[in-house]
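Here are the chains, one letter per residue:
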Amino acid sequence: MRNVLIVLVMLCVVCFVVSPGFGQVLPPEVPREDALILHYLFAPHPIPGNWNWWAGWRTQNCGLHQFVTDALWSLNPNVVEGGIIDALAAEPPIYNDDFTQLTIKLREGIYWSDGVEFTAHDVVFTILTSRDTPGIDFHGQMQDVEDAYAVDDYTVVVDLEKPNSRFHTAFLERWNALRPMPKHIFEQVDDVLAYEFHPPVSLGPYVYMAHDTAGYWVLWQKRDDWERTVTGKLFEEPKPEYVLFISPGPAETQIMAMLRHELDVVQGTAEQMLILVEQGDTTRGYRDTWPYIDPRDISTRGPSFNHLVFPYDNKEVRWALTLAIDIVEVSIFTYDGMVAMTPGLPLVVSQGFYDDYFVALEPWLEEFTLDLGDGRTFKPWDSEAPFRLLEWGQEEYEVDIDPEDEVAVRLTMGYGWWKYAPDVAEELLENQGFSRDQNDMWRLPDGSPWQITMVASPDTTDMGYIVAEGVAEQWKKFGIDVIFTPSPAHASLNLYGEFDVYATSHGSFAGEPWGLHPDLHRCFNALRCDFVKPVGEMTLGWGGRWCDPRVDEIVAELELTPWEDEERIIELGLDALKISIEEMVAVPLFNCPITIVFDEYYWTNWPSPENDYARSDNLTTWPQLKYILHQLEPTGRN
């Protein structure tokens, strides 16, 4: 790994010296020192110039969900404080006793950028339009709405068809949410789905300025009346006058752009991060030393099984495949050890989840056993794996983590994982009729060669691709013929169940909890039995097509548990976590690694462990960017 990295660094430096330069797109009237330039992930925009994200995917992290829209409620970007922000809503959701009616009180004094006040009529229009327009975003969720109406300009009432204490979460901004539409614009449109919404009217603190017709950049300017937004009401004035989201090109171009100070934030691979922090004079990660990443993303990464395809419908096989993975080795292979490992699909690594879930789960993990037959058992939990990974890092890099501080290690390197036990994996498989051939390759019980088709995104910098490739190498070493299949149709193949193993298990919310609230309903709801569809039909829930009536019962009880009853929510969440771990429904390895590098040439006061006002990825793809731009400080360089 280190030899490969050295070669990459040398190539990068050569390219940096001889290349003609990465052309900027800032207009002449926009001073570089007044502009924050952010890496635009998931580019290009699929329909450049079309900002109607309610009508479908628009790569909304180009400024759409950061600046054009706002939500009724949002996650607090400050993960130390945690909790939920009352954004467009003035207070938390109000339900009646049987959860069949929701009352929403709105914040007063919020205005669209064209001068029209935001009111309850915008919210009612959005809910009813979403309910009544097939094909629009959140159409399915809004089918629970019997009626919605405005009591006054700042009060909305929603009558529900059935009890649902989680209905308000459709409007709670994590990465996505049903955000209000400007009624005064969309009510004049004949076809809401065909309308381009260009130029967009903003509810956030910046307005549209220009965009690339090919979809690779969008430029925004701060509103003159920024104080009439949620950002202005709850926070301070955003420091940058302009914000540019741009996709500079492949990894080497991103590196060169940052080294030239043409990119203030970049999110990429571990190799990119290591090159930039070692080669740049003004570059840094979230941490000053290894592991440089911010480990606290609120989603997990690792492959999922297709539970409707043999032999992945067999729990013993799934456990065997898990025990054939060396978590320390795969962590080094994929992200140079800069990961936070976790054993549970929605069990993200964070202080909140450590306190709420891992502390209670750890004794159970320590005693958890697998049945090997003949009265023999095996305890698979490995609590020492994070410490072994840290020990490797200390041999390779400067590290400032105290190995004696158990909590610090687990919150940085992860909770722990499963033992690397290929001998036990072999025994589990042989118990199910599997065997090895003369070449030491595994064969299925019927004697045919065992091939695993693993589907992944074709983007080699994508986290799913990187992690899946690492797992594929582990299984190959174990003697399985793994056909690693990157495909531009990977998402569709997942939806229709046309795979053996899929590169990412976190989709459809299964591995994406709220993170700053302990409720796991959105994760386990994706696993409901009534969502499972046969292979060849589009699933309504999780692509892995696993379900368990016990989890269905937990989901149903969560829907009748008040959002504020966190004690009961955690009890139910723990029950569901144990079931999903026992069944090994997927193989989550670690939190999504936030491999983000900041350049301090034009802007400083980026997040760090000592200045922990936000998770680092709020400065690339997440909508809460609008709430933290007042934290940045200009350096005065020009």
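As shown above, the structure is provided for reference.
Before going into details, it helps to say that this report is about the structure given with it. (Residues numbered from 1 in each chain as written. Predicted model: local features only at pLDDT ≥ 70, side-chain atom pairs only at ≥ 80, totals over all residues. Heavy atoms only, no water.)

### Quick word on the overall build of the protein
Line of reasoning, step 1. The number of helices and strands found in the protein is 18 helices and 28 strands.
Line of reasoning, step 2. A compact globule built from 638 residues should have a C-alpha radius of gyration of about 26 Å, and the protein, at 25 Å, falls within 12% of that.
Line of reasoning, step 3. For the protein, buried positions account for 61% of its 638 residues.
Line of reasoning, step 4. Long-range pairs, those at least 24 residues apart, make up 71% of the contacts in the protein with a sequence separation of at least 6.
Line of reasoning, step 5. Accessible surface computed for the protein: about 23100 Å², of which carbon and sulfur atoms make up 49%.
Line of reasoning, step 6. A distance of 1 Å separates the average location of the 42 positive side-chain charges in the protein from that of its 103 negative side-chain charges. (Helix = DSSP H or I, 4+ residues; strand = E, 2+ residues; numbered from the N terminus. Rg over C-alpha atoms; globule rule 2.2 N^0.38 Å. Buried < 20%, exposed > 50% of the residue type's maximum accessible area, 1.4 Å probe, protein only. Contact = heavy atoms within 4.5 Å. Areas by Shrake-Rupley, 256 points an atom, 1.4 Å probe, with all protein chains shown as cover. Lys, Arg positive; Asp, Glu negative; His and termini not counted. Charge placed at Lys NZ, Arg CZ, Asp CG, Glu CD.)

### Observations concerning unusual backbone geometry
Line of reasoning, step 1. A cis amide bond links Ala43 with the next residue in sequence, Pro44, at an omega value of 5°.
Line of reasoning, step 2. For Pro44, the location among the structural elements is in the loop between strand 1 (35-39) and helix 2 (64-68).
Line of reasoning, step 3. The linkage connecting Trp290 with the following residue, Pro291, adopts the cis geometry, with an omega of -5°.
Line of reasoning, step 4. With respect to the helices and strands, the residue Pro291 is situated in the loop between strand 13 (283-284) and strand 14 (300-301).
Line of reasoning, step 5. The phi angle at His261 is positive, at roughly 65°, despite the residue not being glycine.
Line of reasoning, step 6. Here His261 lies in the loop between helix 6 (251-259) and strand 12 (265-267).
Line of reasoning, step 7. Even without a glycine there, the phi angle at Asp374 is positive, about 55°.
Line of reasoning, step 8. Turning to its location among the elements, Asp374 is positioned in the loop between strand 16 (370-373) and strand 17 (376-378).

### Considerations on the sheet that holds strand 8 (residues 172-173)
Line of reasoning, step 1. Pairing is mixed in the open sheet, where three strands are placed in the order 3-2-8. Edge positions in the open sheet fall to strand 3 (84-86) and strand 8, since each of these has one partner strand only.
Line of reasoning, step 2. By the bridge criterion, two bridges tie strand 2 (residues 73-75) to strand 8 in an arrangement that is parallel. Within the sheet, the bridge partner assigned to Trp73 lies in strand 8 and is Leu172. (Pairing = 2+ DSSP bridges.)

### Comments concerning empty space enclosed by the protein
Line of reasoning, step 1. One pass over the structure, following the stated rule, counts three cavities of 30 Å³ or more.
Line of reasoning, step 2. Volume-wise, the largest cavity comes out at about 40 Å³.
Line of reasoning, step 3. Lining the largest cavity are Pro343, Gly344, Leu345, Ser580, Ile581, Met584, Val585, Ala586 and Pro588.
Line of reasoning, step 4. Broken down by class, the residue content of the lining of the largest cavity amounts to seven nonpolar, two polar and no charged. (1 Å grid on protein atoms, 1.4 Å probe; cavity = no way out; pocket = protein on both sides within 12 Å on 5 of 7 lines; lining within 4 Å. Points joined across faces, edges and corners; volume = space filled by probe spheres on them. Nonpolar A, V, L, I, M, F, W, Y, C, P; charged D, E, K, R; others polar.)

### Quick look at helix 8 (residues 315-323)
Line of reasoning, step 1. The element helix 8 is largely enclosed, with a buried count of seven among its nine residues.
Line of reasoning, step 2. Within helix 8, the full set of buried residues consists of Val317, Arg318, Trp319, Ala320, Leu321, Thr322 and Leu323.

### Regarding the state of the cysteines
Line of reasoning, step 1. Evaluated as defined, the whole model comprises one disulfide.
Line of reasoning, step 2. Here Cys529 connects covalently by a disulfide to Cys547, the sulfurs 2.3 Å from one another. Between Cys529 and Cys547, the S-S dihedral sits near 95°, and the bridge is therefore right-handed. With Cys529 in the loop between helix 16 (521-525) and helix 17 (549-559) and Cys547 in the loop between helix 16 and helix 17, this pair connects stretches of sequence that are 18 residues apart.
Line of reasoning, step 3. Unpaired in this structure, Cys523 has its nearest cysteine sulfur neighbour in Cys592, at a distance of 15 Å. (Disulfide = S-S within 2.5 Å.)

### With respect to the nonpolar core
Line of reasoning, step 1. Judged by nonpolar contacts, the single largest core of 125 residues is most densely connected at Leu323, Trp418, Trp450 and Trp475.
Line of reasoning, step 2. In this structure Leu323 touches Leu370, Phe378, Pro380, Trp418, Lys419, Tyr420, Ala421, Pro422, Val424, Ala425 and Leu428, once residues within four positions along its chain are discounted.
Line of reasoning, step 3. The next biggest cluster of nonpolar side chains, apart from the first, holds 77 residues, and it includes Leu172, Tyr206, Val265 and Leu516. (Core = buried A, V, L, I, M, F, W, Y, C linked by side-chain atoms within 4.5 Å.)

### Notes on the packing of helix 17 against helix 18 (residues 566-582)
Line of reasoning, step 1. The N-to-C vectors of helix 17 and helix 18 enclose an angle of 165°; their axes lie 10 Å apart at closest approach. Here helix 18 runs roughly antiparallel to helix 17, going by the angle between their axes. In the packing of helix 17 onto helix 18, the handedness of the crossing is left-handed. Every residue of helix 18 that contacts helix 17 at Arg550, Val551, Ile554, Glu557 and Leu558 is listed here: Arg568, Ile569, Leu572, Asp575, Ala576, Ile579 and Glu582.
Line of reasoning, step 2. Residues belonging to the contact of helix 17 with helix 18 are distributed by class as follows: seven nonpolar, no polar and five charged. (Axes fitted to C-alpha atoms, helices over the stretch in contact; angles between N-to-C directions. Parallel < 35°, antiparallel > 145°, perpendicular 65-115°, else oblique. Left-handed = near helix turned anticlockwise from the far one by under 90°.)

### Description of helix 9 (residues 327-335)
Line of reasoning, step 1. Burial of helix 9 is extensive: seven of the nine residues sit out of reach of the surface.
Line of reasoning, step 2. Of the positions making up helix 9, those classed as buried are Ile327, Val328, Val330, Ser331, Ile332, Thr334 and Tyr335.
Line of reasoning, step 3. Where helix 9 is buried, its residues contact helix 7 (270-279), helix 11 (385-396), strand 19 (417-418), helix 14 (463-478) and strand 25 (590-591).
Line of reasoning, step 4. Where helix 9 begins, the side chain of Asp326 points an oxygen toward the backbone nitrogen of Val328, at a separation of 3.2 Å. (Polar contact = N/O pair within 3.5 Å; in protein donor to acceptor, adjacent residues only side chain to side chain.)

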